Amino acid sequence: MAEPGDAARTGRDDVTRDLFLGGRVTILQPARGHRAGTDAVLLAAATAASPGERVIDVGAATGAVGLMIAAATKGLDLVLLEKDPDLAALCRENLLLNGVAGLVANADLLDPASRAGAGVAPETADVVVTNPPFFEAVSHTRSPAVLRRRKPPGCATRALKSLKSSNTASILSRMRA
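Report on the accompanying structure. (Residues numbered from 1 in each chain as written. Predicted model: local features only at pLDDT ≥ 70, side-chain atom pairs only at ≥ 80, totals over all residues. Heavy atoms only, no water.)

## Points about the nonpolar core
Just so we agree on the cut-off: As used in this record, nonpolar core signifies buried Ala, Val, Leu, Ile, Met, Phe, Trp, Tyr and Cys residues forming a set joined through side-chain atoms within 4.5 Å. Relative accessible area decides the class of each residue, using a 1.4 Å probe on protein chains only: under 20% of the type maximum gives buried, over 50% gives exposed, and in between gives partly exposed. Comment: elements are numbered from the N terminus, with helices defined as DSSP H or I runs of at least four residues and strands as E runs of at least two. Residues are treated as being in contact if the distance between any of their heavy atoms lies within 4.5 Å.
Ranked by size, the top nonpolar core spans 26 residues in total, and within it Val25, Val55, Val65, Met68, Ile69 and Leu80 carry the most contacts. Among the secondary structure elements, those contributing two or more residues to this core are β3 (25-30), α1 (38-45), α2 (64-72), β5 (77-82), α3 (85-97) and β7 (125-130). Looking at this core, the element that brings in the most residues is α2, giving seven residues. Beyond its immediate chain neighbours, meaning those up to four positions away, Leu80 contacts Asp57, Ala60, Gly63, Gly66, Cys91, Leu95, Leu103, Val104 and Ala105. By size, the runner-up hydrophobic cluster in this structure holds 11 residues, among which are Ala105, Ala107, Ala118 and Ala125.

In structure tokens, the structure reads:
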């Protein structure tokens, strides 16, 4: 079976179909630009969730992290929060493809009205996960998708405000030496 990076064509030039977790999760994702891979697998593996808990994947992109958590824990209240409408559409396709019930919130995390309009109220999550872009613009070539959805300072703080008090956040980020 294919693993991350071993993309099977979907018949669409702009999207590939990739298998994660030994084929338990299938992700349609853009053929170019930022793609789910090892970071997403590690973040999902580091996240503990229980059935019935609300898990919000902030900046979900294609929903890979949330879907891998859902594969490990059935019965979650899964929310994939994504600002980019094209990526949010892929989130919806990926929920269907994997037979997972969930809400795709096409909203801006930093805009309270946008979040509320998408059904994501503050302090409603049991678990928040996020894998923000962490490369400086001068260190590599950014994909157009990352440039459109770049997370400004304060994004992690805003994501944490989605949590109910005393709950869990998993954030994958590069630390500077």
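## Some thoughts on the packing of α1 against α2
Let me state the cut-off plainly: A fitted line through C-alpha atoms serves as each axis, taken over the contacting stretch for helices, and the angle formed by two N-to-C directions is quoted from 0 to 180°. The labels follow the angle: roughly parallel below 35 degrees, roughly antiparallel above 145, roughly perpendicular from 65 to 115, and oblique for the rest. Here a crossing is taken to be left-handed if its near helix is turned anticlockwise relative to the far helix by less than a right angle, and right-handed if that turn runs clockwise. When residue character is reported, Ala, Val, Leu, Ile, Met, Phe, Trp, Tyr, Cys and Pro are called nonpolar, Asp, Glu, Lys and Arg charged, and the others, Gly included, polar.
Following both chains from N to C, one finds α1 and α2 inclined at 45°, their axes separated by 9 Å at the closest point. In terms of axis orientation, α1 runs oblique to α2. Between α1 and α2 the crossing geometry is right-handed. Here α1 contributes Ala40, Val41, Leu43 and Ala44 to the contact with α2, which in turn contributes Ala64, Val65, Met68 and Ile69. Of the residues contributing to the contact of α1 with α2, the split by class is eight nonpolar, no polar and no charged.

Such coordinate-based values are descriptive only and should not be taken to indicate function.
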